[in-house]
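A closer look at the structure
Read off the chains here:
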Amino acid sequence: MKAEENPMNGGDGMTNAVLEQFTTMIGEWIPEEAALAVAAGGKYVHFNGKGHRIPLAAGAPVEPGSIAHRVLKERKRTEAYLDGSDEIPPYYGIGYPVEVGEEPGAVVVLLPPGWRPPGEDPVRFLTGRQDDEWVPVPVGKISHIESADKKTWFYSDGEAYSTTQTLKQLETVLPESFHRIHRSYLVNTDAIARIRKDFTGNLLVETTDGEELPVSQTYASALRGTFGF
């Protein structure tokens with residue numbers, strides 16, 4: 001075997017064979033914008049980030065507890081939410097066991113924020129708590145959702161409601177009109193009244209109920225793309 005085709009060196013020939021094996025195994029459900037990583041021998045041998053800011057690279061070690069590590073150890077399909085930061089958005093990852101040459105390997109699909117399985121309908125309402133009452137609120141009437149002090153709150157017509165679901169969980173089940181703009185905020189784009197810059201040059205979103213929400217640099221370009229400015 002030529003050195004450049006050695007799976008431990010991330011050779012293109014072997015990597016392409018692995019990805020072909022993987023595509024045949026799971027079908028054509030992977031969205032075009034999904035990032036793909038291949039791991040074997042304790043390190044990543046291939047990574048295509050599709051332009052997303054994901055801290056992975058070919059040659060990097062597989063970290064204990066990561067999706068790739070769990071797949072390599074348990075040899076079964078594994079999925080998990082990956083926490084983000086102010087610089088890196090959260091992602092949903094799914095890992096699958098494959099063979100890389102004669103080595104056990106793993107392919108990890110990293111799906112962008114807001115990804116939803118094909119055919120899965122978004123929720124139509126959220127049930128929030130106010131004191132000792134539970135109130136179902138149509139999602140179209142929700143202006144934004146906030147994570148604060150380890151609790152999640154959503155807002156409608158100036159009223160605040162608490163929910164046990166996290167932002168990461170809500171992001172996968174809400175309609176496409178809900179966009180992440182900050183690690184602590186989801187906003188309903190139908191409820192945005194205006195977007196402006198603050199004194200530091202960062203974007204601020206003003207909702208139709210008068211709330212001002214910060215937009216982190218991580219999500220600013222996606223918001224600009226949605227509204228075309």
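Below is a short write-up of the structure. Every value quoted in this text rests on a predicted model; they were computed, and no experiment measured them. (Residues numbered from 1 in each chain as written. Predicted model: local features only at pLDDT ≥ 70, side-chain atom pairs only at ≥ 80, totals over all residues. Heavy atoms only, no water.)

1. What about the packing of aromatic side chains?
Let me state the cut-off plainly: Each Phe, Tyr or Trp ring, with Trp reduced to its six-membered ring, pairs with another whose centre is within 6.5 Å; inter-plane angles below 30 degrees give stacked pairs, above 60 give edge-to-face pairs, and intermediate values give tilted ones. Using a 1.4 Å probe on the protein chains alone, a residue whose accessible area is under 20% of its type maximum counts as buried, one over 50% counts as exposed, and one in between counts as partly exposed.
By the definition in use, this model includes 1 aromatic pair. Judged by centre distance (5.3 Å) and plane angle (20°), the ring pair of Phe154 and Tyr161 falls under stacked. The exposure classification of Phe154 matches that of Tyr161, with both residues buried.

2. Some words on a negative patch on the surface
Inclusion rule: Grouping into patches uses exposed residues only, defined as over 30% relative accessible area, and leaves out salt-bridged ones; the cut-off is 9 Å for like charges and 5 Å for nonpolar side chains (Val, Leu, Ile, Met, Phe, Trp, Tyr). Where accessible areas are quoted, they stem from the Shrake-Rupley method and a 1.4 Å probe; at the residue level, only the protein chains shown are allowed to cover. In the sections that follow, a salt bridge refers to a side-chain nitrogen of Lys or Arg positioned within 4 Å of a carboxyl oxygen of Asp or Glu. The charge count includes Lys and Arg as positive and Asp and Glu as negative, but it does not include His or the ends of the chains. Charge placement uses NZ in Lys and CZ in Arg. For Asp and Glu, CG and CD serve respectively.
Residues Asp157, Glu159, Asp209 and Glu211 make up a contiguous surface patch of negative charge. Classification of Asp209 by relative accessible area gives partly exposed; the value is 31%.

3. Focus: the pairing of strand β9 (residues 151-156)
To keep things clear, this is the line we draw: For two strands to be treated as a pair, DSSP must find no fewer than two bridges joining them. Helix and strand definitions here come from DSSP, where helices need a minimum of 4 consecutive H or I residues and strands a minimum of 2 consecutive E residues; each element is numbered from the N-terminal end.
With 5 bridges connecting them, strand β8 (residues 144-148) and β9 associate as antiparallel partners. Note on β9: the bridge partner recorded for Ala148 is Lys151. The antiparallel hairpin formed by β8 and β9 contains 2 residues in its connecting segment, where Asp149 sits at a positive phi of about 55°. With 5 bridges connecting them, β9 and strand β10 (residues 159-163) associate as antiparallel partners. The residue of β10 that forms the bridge with Trp153 is Ser162. In this antiparallel pair of consecutive strands, β9 and β10, the connection spans 2 residues, and Asp157 shows a positive phi of 50°.

4. What to know about the pattern of salt bridges
A complete count under the given rule lists 6 salt bridges for this structure. Salt-bridge contacts for Arg77 lead to Glu79; the nearest nitrogen and oxygen are separated by 2.3 Å. Taking the relative accessible area as the measure of exposure, Glu79 reaches 35% and is therefore partly exposed.

5. Some thoughts on the environment of Pro214
Inspection of the secondary structure puts Pro214 in strand β15 (residues 212-214). Taking relative accessible area as the criterion, Pro214 reaches 30% and is therefore assigned partly exposed. In sequence terms Pro214 and His182 are 32 residues apart; their C-alpha atoms lie 6.9 Å from each other.

6. Side note on the side chain of His144
Quick reminder of the rule: We define a polar contact as two N or O atoms separated by no more than 3.5 Å, with the added condition that, inside protein, one atom must be a possible hydrogen donor and the other a possible acceptor, whereas residues neighbouring each other in sequence contribute only through side-chain atom pairs.
Topologically, His144 is positioned in strand β8. Reaching out from His144, the side chain makes a polar contact with the side chain of Ser143 at a distance of 2.9 Å.

7. Focus on unusual backbone geometry
At Arg75, a residue that is not glycine, the phi angle is positive and equals roughly 55°. Residue classification places Arg75 among the partly exposed residues on the basis of a relative accessible area of 28%. One non-glycine residue, Asp157, lies in the positive phi region at around 50°. Position of Asp157 among the secondary structure elements: in the loop between β9 and β10. Accessibility expressed as a relative area gives 67% for Asp157, which makes it exposed.

8. Focus: the sheet that holds strand β4 (residues 91-100)
Threshold: Only the stretch in contact is used when a helix axis is fitted, and all axes are lines through C-alpha atoms; the angle between N-to-C directions ranges over 0 to 180 degrees.
Ordered by their spatial adjacency, 5 strands build an open sheet running β2-β1-β5-β4-β3, and the pairing between neighbours is antiparallel. Whereas interior strands pair on both sides, the edge strands pair on one side only; in this sheet they are β2 (43-48) and β3 (78-82). Strand-to-strand twist in this sheet, taken as the mean axis angle between neighbours without regard to direction, amounts to 25°. Sheet topology places strand β1 (residues 35-40) next to strand β5 (residues 103-111); 6 bridges connect them, and they run antiparallel. When the bridges of β5 are listed, Ala39 appears paired with Ala106.

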